[in-house]
Amino acid sequence: MSRICELTGKGRQVGNNVSHANNKTKRTFLPNLQNVTLLSDALETGVRLRVSTHGLRSVEHNGGLDNWLVKTSDDKLSLRCRRLKRDVIKKRAAVAA
């Protein structure tokens, strides 16, 4: 299982540990990923995703999962989230019509 946020695409970063003697060794910085169930108002179901805490804050700021998916471009989303976005847009169009 890769350490990448399914919503934001945030992944690991590479940097250096720097000692007091200024020796540098490689290290990785991993995102704070959480397994969460986000509720979709349009689909009326819960969706289990592996999301960074930064992604969770973004979802809450935009008023829920459905609004966030509609506003976000497809290149940032995982395949699973792109399918979820397509379903949400279809459901919203069906309700509006």
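Quick note: structure is the one above.
Residues numbered from 1 in each chain as written. Predicted model: local features only at pLDDT ≥ 70, side-chain atom pairs only at ≥ 80, totals over all residues. Heavy atoms only, no water.

A few points about the nonpolar core
Ranked by internal contacts, the top residues of the largest apolar core, which has 17 residues, are Leu 7, Leu 49, Leu 65 and Leu 69. Secondary-structure elements contributing two or more residues to this core are strand 3 (33–40), strand 4 (45–52), helix 2 (65–71) and helix 3 (79–96). (Core = buried A, V, L, I, M, F, W, Y, C linked by side-chain atoms within 4.5 Å. Buried < 20%, exposed > 50% of the residue type's maximum accessible area, 1.4 Å probe, protein only. Helix = DSSP H or I, 4+ residues; strand = E, 2+ residues; numbered from the N terminus.)

Overview of the environment of Glu 60
Turning to its location among the elements, Glu 60 is positioned in helix 1 (residues 53–61). The sequence separation of Glu 60 and Pro 31 amounts to 29 residues, and the corresponding C-alpha distance is 18 Å.

Let's talk about the environment of Lys 71
Mapped onto the elements, Lys 71 comes out in helix 2. Measuring from C-alpha to C-alpha, the distance between Lys 71 and Lys 85 comes to 9.8 Å, with 14 residues separating the pair along the chain. Here the side chain of Lys 71 touches Asn 62 through a polar contact of 3.4 Å, side chain to side chain. (Polar contact = N/O pair within 3.5 Å; in protein donor to acceptor, adjacent residues only side chain to side chain.)

Some remarks on the packing of aromatic side chains
Evaluation of the coordinates by the stated rule reveals zero aromatic pairs. Over the face of the ring belonging to Phe 29 we find Arg 27, whose NZ or CZ atom lies 3.9 Å from the ring centre. (Phe/Tyr/Trp six-rings, centres within 6.5 Å; stacked < 30°, edge-to-face > 60°. Lys NZ or Arg CZ within 6 Å of the ring centre and 35° of its normal.)

Here's the deal with the side chain of Asp 66
As for its placement among the helices and strands, Asp 66 is situated in helix 2. An unpaired buried charge is present at Asp 66: no salt bridge exists, and Arg 92, the closest side chain of opposite charge, is 4.9 Å distant. From its side chain, Asp 66 meets the backbone nitrogen of Ala 42 in a polar contact 2.7 Å long. In this structure, Asp 66 is in contact with Ser 40, Asp 41, Ala 42, Val 88 and Arg 92, ignoring residues within four places of it in sequence. (Lys, Arg positive; Asp, Glu negative; His and termini not counted. Salt bridge = Lys/Arg side-chain N within 4 Å of Asp/Glu carboxyl O. Contact = heavy atoms within 4.5 Å.)

Looking at the side chain of Glu 6
Turning to its location among the elements, Glu 6 is positioned in the segment before strand 1 (13–18). Once you skip the residues sitting within four places of it in the chain, Glu 6 turns out to touch Leu 49, Arg 50, Leu 77, Ser 78, Arg 80 and Cys 81.

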